[in-house]
Amino acid sequence: MTQELWTAVDQYFTDALIAPDDALESALQASADAGLPSIQVAANQGKFLALLAQTIGARSILEMGTLGGYSTIWLARALQSGGTMVTLEYEPKHAEVARANFVRAGLADRIDLRVGRALDLLPPLAAEARPPFDFVFIDADKANIDAYFEWAIRLTRIGGLIVVDNVVRGGAVADANSTDENVQGVQRFFDRLNREPRVTATALQTVGSKGYDGLAIALVLSK
Ligand code: SAH
Ligand code: DHB
Ligand code: MG
């Protein structure tokens, strides 16, 4: 079983489940044209995130790692009417592409895109007078995932969900001797999760057009 087959099955699911969509397709095209890396969630993963957000009736969402805004568009559309989201991106060029994609998608008024290092943007975000987030998607650099998760718990309401992308890394997460700082970041995150009483969490391995990876999901139980 190979990458080729995983990609074919993702294509099959996408054809079966996801209607052609101008805003999403032009967001991908504009991102590719601008030379952004093609590391956004797959369409069926984007819809999965949206479905989770809809399930809990999310009115406010936080995303770390915008890239060209593909996952952001999925999540922003999943908001209850009147809902808004905040998305954090370090690279000004990525943010510029994302901003144009949000305008084209008709979602600019629902999305607050902030440019900077997530670890610099999170303290001022936490200091703002705003209700806690219902849903957080952590998808920025992997070396800081453990710190992002700590902020996510702090910023999410009880009953809210935190989803962390890319926690398998081709299986490297299970290699205790890995010297990859991204893998070590994921491992520190799981160490923390193991000792974290405020959430209940699980993780799933996935294969698909994006290779062999996976995601973790945490439900906030207490603060
Ligand atoms: N969520 C996007 C993909 C994000 S890729 C999607 O699925 O469509 C990861 C993004 O995180 C990249 O755009 C990268 O520039 C950004 N990033 C890397 N380090 C960051 C940091 N310290 N703070 C905020 N964003 C960061
Ligand atoms: C990478 C980042 C991602 O968020 C992802 O989903 C896949 C790959 C990366 O940095 O390589
Ligand atoms: Mg990712």
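Preceding this paragraph is the structure being described.
Draft legend 1. Examining the overall build of the protein more closely. The secondary structure content of the protein amounts to 8 helices and 7 strands. Taken over C-alpha atoms, the radius of gyration comes to 17 Å for the protein, in line with the 17 Å a tight globule of 223 residues would show. A principal-axis box enclosing the C-alpha atoms of the protein has dimensions of 50 × 45 × 30 Å. Counting over 223 residues, the protein shows a buried share of 48%. A sequence separation of at least 24 residues applies to 71% of the contacts in the protein between residues at least 6 apart. Distance between charge centres in the protein, computed from 20 positive and 27 negative side chains, equals 7 Å.

Draft legend 2. Representation of the site of ligand 2. Around ligand 2, the neighbouring residues are Ile39, Asp139, Lys142, Asp165, Asn166 and Lys210. Interatomic distance of 2.7 Å between a side-chain N/O atom of aspartate 139 and an oxygen atom of ligand 2. Side-chain polar atom of aspartate 165 to an oxygen atom of ligand 2: 3.2 Å apart, as the coordinates give it. Coverage of ligand 2 by the protein amounts to 68% of the 290 Å² it exposes when considered alone.

Draft legend 3. Examining the side chain of asparagine 101 more closely. Inspection of the secondary structure assignment puts asparagine 101 in helix 5 (residues 92-104). For asparagine 101, a relative accessible area of 1% translates into the label buried. Here alanine 27 takes part through its backbone oxygen, which lies 3.5 Å from a polar atom of the side chain of asparagine 101. What asparagine 101 contacts, discounting residues up to four positions off in sequence, is Ser26, Ala27, Ala30, Ser31, Gly68 and Ile73.

Draft legend 4. Highlighting the layout of surface pockets. Computed from the structure, the largest pocket encloses a volume of approximately 620 Å³. As for the largest pocket, its lining consists of 29 residues, of which Ile39, Gly65, Asp139, Ala140 and Asp141 are closest to the centre. Elements with a contribution of two residues or more to the lining of the largest pocket: helix 4 (70-78), strand 2 (84-89) and helix 6 (118-127). The residue inventory of the lining of the largest pocket, partitioned by class, reads 11 nonpolar, 9 polar and 9 charged. Considering only enclosed or pocket space, the second largest pocket measures out at about 430 Å³ in volume. Thr14, Leu28, Ala42, Ala43 and Tyr70 are, among the 22 residues lining the second largest pocket, the residues nearest its centre. No other element matches the 4 residues that helix 1 (residues 3-17) contributes to the lining of the second largest pocket. Along the lines of polarity and charge, the residues of the lining of the second largest pocket split into 11 nonpolar, 7 polar and 4 charged.

Basis of the calculations
- Just so you know, the residues in each chain are numbered from 1, in the order the chain's sequence is written.
- Chain letters and ligand numbers both follow the written order, the letters beginning at A and the numbers at 1.
- With pLDDT at 70 or above as the cut-off, local features in this predicted model cover only qualifying residues; side-chain atom pairs require 80 or more to be listed or tallied, and sums for whole chains, interfaces and linings still use all residues.
- To obtain the side-chain values, all non-hydrogen atoms of the structure were used and water was disregarded.
- Think of it this way: any DSSP run of H or I at least four residues long counts as a helix, any run of E at least two long counts as a strand, and we number them from the N terminus.
- Each radius of gyration is computed over the set of C-alpha atoms, and the globule rule expresses the reference value as 2.2 Å times the number of residues to the power 0.38.
- Buried means the residue's accessible area, taken with a 1.4 Å probe over protein chains only, is under 20% of the maximum for its type, while exposed means over 50%, and partly exposed covers the values in between.
- Between two residues, a contact is recorded if the distance between any of their heavy atoms is within 4.5 Å.
- In this tally, Asp and Glu contribute negative charge and Lys and Arg positive charge; neither His nor the terminal groups of the chain are included.
- Charged groups are reduced to one reference atom each: NZ for lysine, CZ for arginine, CG for aspartic acid, CD for glutamic acid.
- Summary of the distance rule: residues count as near a molecule or strand when at least one heavy atom falls within 4 Å of that molecule or strand.
- Pairs of N or O atoms are called polar contacts if they sit within 3.5 Å, as long as, within protein, a hydrogen donor faces a hydrogen acceptor (for residues adjacent in sequence, only side-chain-to-side-chain pairs).
- Note on areas: Shrake-Rupley with a 1.4 Å probe; residue coverage comes only from the protein chains shown.
- Throughout, the protein atoms alone are placed on a 1 Å grid, and a set of points is a cavity if a 1.4 Å probe fits but cannot get out or a pocket if it is open with protein on both sides within 12 Å along at least five of seven lines; lining residues have an atom within 4 Å of a point.
- Grid points are joined across faces, edges and corners, and a volume is the space filled by probe spheres set on the points.
- Only Asp, Glu, Lys and Arg are considered charged in this grouping, and only Ala, Val, Leu, Ile, Met, Phe, Trp, Tyr, Cys and Pro are considered nonpolar; every other residue, Gly among them, is considered polar.

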